[in-house]
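# Architecture and fold: a report
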Amino acid sequence: MSLLDYKLERIESVSFETFLNLIYDNKTYIEKGFAGTVKRCETPKGAKILFKEWLSEEKHKRSFSFFIKNTQTDSLVGLVNIKNIDATIKKCEIGYFISELYAGKGIVSKFTSEVVTFCFEELQMNKVFLRVAPENIGSQKVAIKNGFQKEGVLREEYLGFQDVYEDVMYFGLLKTEYLKSKDD
């Protein structure tokens, strides 16, 4: 399969069942970086509440969920989301994951790039940031490949799946850097 076999699909086009399958099929693989999502999806009822919240947040432009769809199998294989939007400072956070079976194929890098473009061009952000577990080398590579700069390590910044405080690496991309990379 090539990268052409994948596309981004907004949450309003995604069924709850395909969302639930994506989370359940990848629960163990994503629980470290998406602890809150996995916890809220422990039951179908909790997952349904979360899904409806994400739909509402998108409708009110408080967050955006871009699902990565395999067009050959018609299944969801990943997610790139925009959250923690601060309209005053014009910054937002992105998060991403890809199903373990599809990791390392450049898929999440490609679609992270498209979501970053959305952040700067559609949302008019000045900065996009992301937080990554220090041991998550794959996610760090995605960040660097997309022009993000490592800004530091925030100690015990994240409450993980096992309710343990964990360090996170903070990466940022400024609009000036994004625009410069578009000119190169």
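What this report covers is the structure whose coordinates are included nearby.

Conventions we followed
- Residues numbered from 1 in each chain as written.
- Predicted model: local features only at pLDDT ≥ 70, side-chain atom pairs only at ≥ 80, totals over all residues.
- Heavy atoms only, no water.
- Disulfide = S-S within 2.5 Å.
- Buried < 20%, exposed > 50% of the residue type's maximum accessible area, 1.4 Å probe, protein only.
- Core = buried A, V, L, I, M, F, W, Y, C linked by side-chain atoms within 4.5 Å.
- Helix = DSSP H or I, 4+ residues; strand = E, 2+ residues; numbered from the N terminus.
- Contact = heavy atoms within 4.5 Å.
- Pairing = 2+ DSSP bridges.
- Axes fitted to C-alpha atoms, helices over the stretch in contact; angles between N-to-C directions.
- Polar contact = N/O pair within 3.5 Å; in protein donor to acceptor, adjacent residues only side chain to side chain.

### Points about the state of the cysteines
Evaluated as defined, the whole model comprises 0 disulfides. Counting only cysteine sulfurs, C119 is the nearest neighbor of C92, a cysteine outside any disulfide, at a range of 3.7 Å. Residue class for C92 comes out buried when judged on its relative accessible area of 0%.

### As for the nonpolar core
Core analysis: the largest hydrophobic core is formed by 31 residues, its most contacted members being I68, I82, I94, Y96, C119, L130 and F148. Contributing elements (two or more residues each) for this core: β2 (64–70), β3 (75–86), β4 (91–98), α5 (107–122), β5 (127–132), α6 (137–145) and β7 (165–174). In terms of residue count, the dominant contributor to this core is α5 (8 residues). Other than its neighbours up to four places away in sequence, I82 contacts S63, F64, F66, C92, E93, I94, V115, F118, C119 and L123. Grouped together as the second largest cluster of nonpolar side chains are 23 residues, L20, I30, A47 and L76 included.

### Some words on unusual backbone geometry
In the Ramachandran plot, D74 falls in the positive-phi region, its phi being about 60° despite a non-glycine side chain. Counting through the fold element by element, D74 comes out in the loop between β2 and β3. One non-glycine residue with positive phi stands out, namely D163, at about 55°. Assignment of secondary structure puts D163 in the loop between β6 (149–159) and β7.

### Overview of the sheet that holds β2
Taken in spatial order, the 7 strands line up as β1-β2-β3-β4-β5-β7-β6 in an open sheet, and their pairing is mixed. Two strands in the sheet have a free side with no partner beyond their single neighbour: β1 (6–10) and β6. Neighbour to neighbour, the strand axes of the sheet diverge by 30° on average, direction disregarded. Sheet topology places β5 next to β7; 6 bridges connect them, and they run antiparallel. Across the sheet, L130 pairs through a bridge with F171, a residue of β7. Strands β2, β3 and β4 of the sheet are contacted by helix α1 (residues 16–25), whose axis makes an angle of about 95° with β3.

### Brief notes about the side chain of E9
Examined against the element boundaries, E9 turns out to sit in strand β1. In this structure the side chain of E9 is engaged in a polar contact, spanning 3.4 Å, whose partner is the side chain of K69. Aside from chain neighbours lying at most four places away, what touches E9 is V14, S65, F66, F67 and K69.

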